[in-house]
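# Structural description and commentary
Below, each chain spelled out in residue letters.
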Amino acid sequence: MNKVFKTKNYIRIYCILIIGLLCFISIFYYSCGEQLYSRDSEGNIKEFGATNDTGELTQGSKAEQIFTSDTDTIQNIGVMASNYGREINGMLKLSLYDMTENKLISQKEFSGKTLGINQYAFLDINTPLANMRGHTLKITAEGDGQPGDSPTVLYSVENHIDNQNIMQGAALNINGNETAGIMCITMTGRDNVWTGPNYWKIALLAMILASIFYWIAAIRYARGKRDYIFTIYQALVKYKFLIRQLVSRDFKVRYKRSVLGVLWSLLNPMLMMTVQYMVFSQIFKSDIENYPVYLLSGLVVFNFFSEGVGQALTSIVGNASLITKVYMPKYVYPVTRVLSSGINLLMSLIPLVLVAAVTHEEFTKAYIMLPYFLICLVGFTIGFGMLMSALMVFFRDVQFLWGILSLLWMYLTPIFYPLSILPDSIKNGMNANPMIYYITPVRDIVLEGITPEPYMFFQCAVITAISLIIGGFIFKKAQDKFIFYI
C-alpha cells in the first residue's frame, strides 16, 4: 500500500466525495423545481408572418384550421385577426375543438371594436390542457357582421412546407374550400421531461459510478500505479502554502502602485459595459431585453477567460528563476495564475448583480447553481492556459498571437449581439465555440431566472474535462524540456 496514504485517508476522501455529490444533487433538484418535470414546449406553433387574409368574415363565413398538437400541455392559443384599421361592429367568434375526443375546448366572441390591425385574439383557457400531444385540434373563426363591417383572420402561405413541419397534419379551409396556407396561430405550452420522474434513479446511478471510479483510482494508487487524481491531490496538499503565496503574489503585483488598486476589478467590467453599451445598444436594443445585463454577463465570463489565459501564458517563462531553484510540479504555475484571475472574476460578479438589481431582474433560487458554471469556466481556463503556457516556452510569438486570437474569439462570441441576427449557417457553426456553453447558462440564470436544462450541466462538464485533459497532456509531455528554453 502507498505509504503516504492509509486506508482511513481513502475512506475519508470517499466520504467527502459522496457527501459533496449528494449535496450537489439535492441543491440541483431544489433549484430546478418544475423544470425537471416539464419545460417550455419546442413543438409550440411559432408566430410567423401574415401574407394573406381570409377576407371579411361576414355572417355565414367560416375559416377552419386543423392540426395535430405537438405539445403536451397547452396553456394558451390565439389567432391573428384584423379590423382593417377601421372601427367595425361585426363580431368574431373563435372556437377550439379537440377532434380526437370530439369535444369543444373553448369558445369566445370578440367585438370588432376591440380588435386592432394584425393582433392576436386569445381564447380563454383557464386550466392548462394536459396530455394533448398527438390530439387533432381544430380552430374555427366565424363572423356575424355585414360586408364592410366585419373582421378578418390572417394566414400565411410563405414557407408553407416549413410551416407544415411546425403544424403537423395542417389543413386550412375557408368557407369550405381547401386553401394553401396556415392560419396565423400562436400557442404556448409545456412538454413533459423524463428526467423529473427518474431523477433520483439517475442520481443513484451517478453516485454508484462515482464510487466505482473512485475506488478503481484508489486501488491503482495504493498499488503504486500512477493515478492523476491522487497524484494531483497530494501535490495540492503538499504545496498548498506555496500555492496560496503565488496566488496572493500574482493578485497583488497586478495592482501594485495603482491608485485605485483592487477597485479596478469592479470598475473594469463596468467601464467596458458602458462603452460597448453606448456603441451597440442602439443597434441591438430591439432584439435583446435588458441589454445592460445581457452585455455585462457575457463580458464577465469572457474577460475572465481572456485574462486567465493571458496570465497563464507567461507563467512558466515568467517564473524561470523560481523553477530552476525550487522543485514544485510545474503545472502549479499556470494554475495559480488562473486562480489569481479567479479573484477578479468573483469581484466582477458584484457589478453584475448590482446592474441586475437596478434593472429589476428577479433574484431566484437558480442563482445557487451559478458557482457550478463558474467552476467549470475556471477549469476550462486552466486547461487552455496550460496548453498556451507550454507553447509559449517554445514559441515566444504565442503571446502576440493570443492578443489577436482573443480579440477574434470575442467577436465570434455573442457577447454584445444576439444569435438571432446570424444566418443559420453561421449560427450552427457557433456550436463549436466553447465559450457559448458557459455564457448561455449564466445568462439563463441572471436574465431568465431559471436553472439551465440538465444537458447544459453535462456539456459544461465535458468541455471542461476535454480542456483539462488536452492541456494537461501537452503540458506534461513538454515540461521536461522547459529547462532548456526558459
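The following paragraphs examine the structure supplied in this document.

Definitions and limits used
- Residues numbered from 1 in each chain as written.
- Predicted model: local features only at pLDDT ≥ 70, side-chain atom pairs only at ≥ 80, totals over all residues.
- Heavy atoms only, no water.
- Phe/Tyr/Trp six-rings, centres within 6.5 Å; stacked < 30°, edge-to-face > 60°.
- Helix = DSSP H or I, 4+ residues; strand = E, 2+ residues; numbered from the N terminus.
- Buried < 20%, exposed > 50% of the residue type's maximum accessible area, 1.4 Å probe, protein only.
- Salt bridge = Lys/Arg side-chain N within 4 Å of Asp/Glu carboxyl O.
- Contact = heavy atoms within 4.5 Å.
- Patch = residues over 30% accessible without salt bridge, like charges linked within 9 Å, V, L, I, M, F, W, Y side chains within 5 Å.
- Areas by Shrake-Rupley, 256 points an atom, 1.4 Å probe, with all protein chains shown as cover.

### Comments concerning the packing of aromatic side chains
One pass over the structure, following the stated rule, counts 29 aromatic pairs. Plain terms: the ring middles of F305 and F384 are 5.6 Å apart, the flat faces sit at 55° to each other, and that makes the pair tilted. Taken together, the residues span a long stretch of sequence, with F305 in helix α7 (residues 291-313) and F384 in helix α11 (residues 370-394) at a distance of 79 residues. Here F384 falls in the buried class, since its relative accessible area comes to 16%. On the numbers, 5.6 Å between centres and 75° between planes, the contact of F384 with W409 is edge-to-face.

### Points about the pattern of salt bridges
Taken as a whole and judged by the stated rule, the model has 11 salt bridges. The salt bridge partner of E453 is R39, with a shortest N-O separation of 2.9 Å. Taken together, the residues span a long stretch of sequence, with E453 in the loop between α14 (436-448) and α15 (454-479) and R39 in strand β1 (residues 38-40) at a distance of 414 residues. In this structure, K108 and D124 form a salt bridge, with 3.5 Å as the shortest nitrogen-oxygen distance. Of this pair, K108 sits in strand β6 (residues 103-111) while D124 sits in the loop between β7 (119-122) and β8 (136-143), and the two are 16 residues apart along the sequence. Connected through salt bridges with shared partners, the residues D70, D72, R133 and D191 form a single ionic network.

### A closer look at the environment of G298
Relative to the helices and strands, G298 resides in helix α7. For the pair formed by G298 and I439, sequence separation is 141 residues and the distance between their alpha carbons is 5.8 Å. Every residue in contact with G298, bar those within four places of it in the chain, is listed here: I415, I439 and R443.

### Some points on unusual backbone geometry
One non-glycine residue, N102, adopts positive backbone phi at about 55°. Its location among the elements puts N102 in the loop between β5 (91-98) and β6. Here N175, not a glycine, exhibits a phi torsion of approximately 55°, which is positive. Checked against the element boundaries, N175 lands in the loop between β10 (168-174) and β11 (177-179).

### Notes on a nonpolar patch on the surface
On the surface, L204, L205, I208, L209, I212 and I216 cluster together to form a nonpolar patch covering roughly 570 Å² of accessible area. Assignment of secondary structure puts I216 in helix α3 (residues 199-222).

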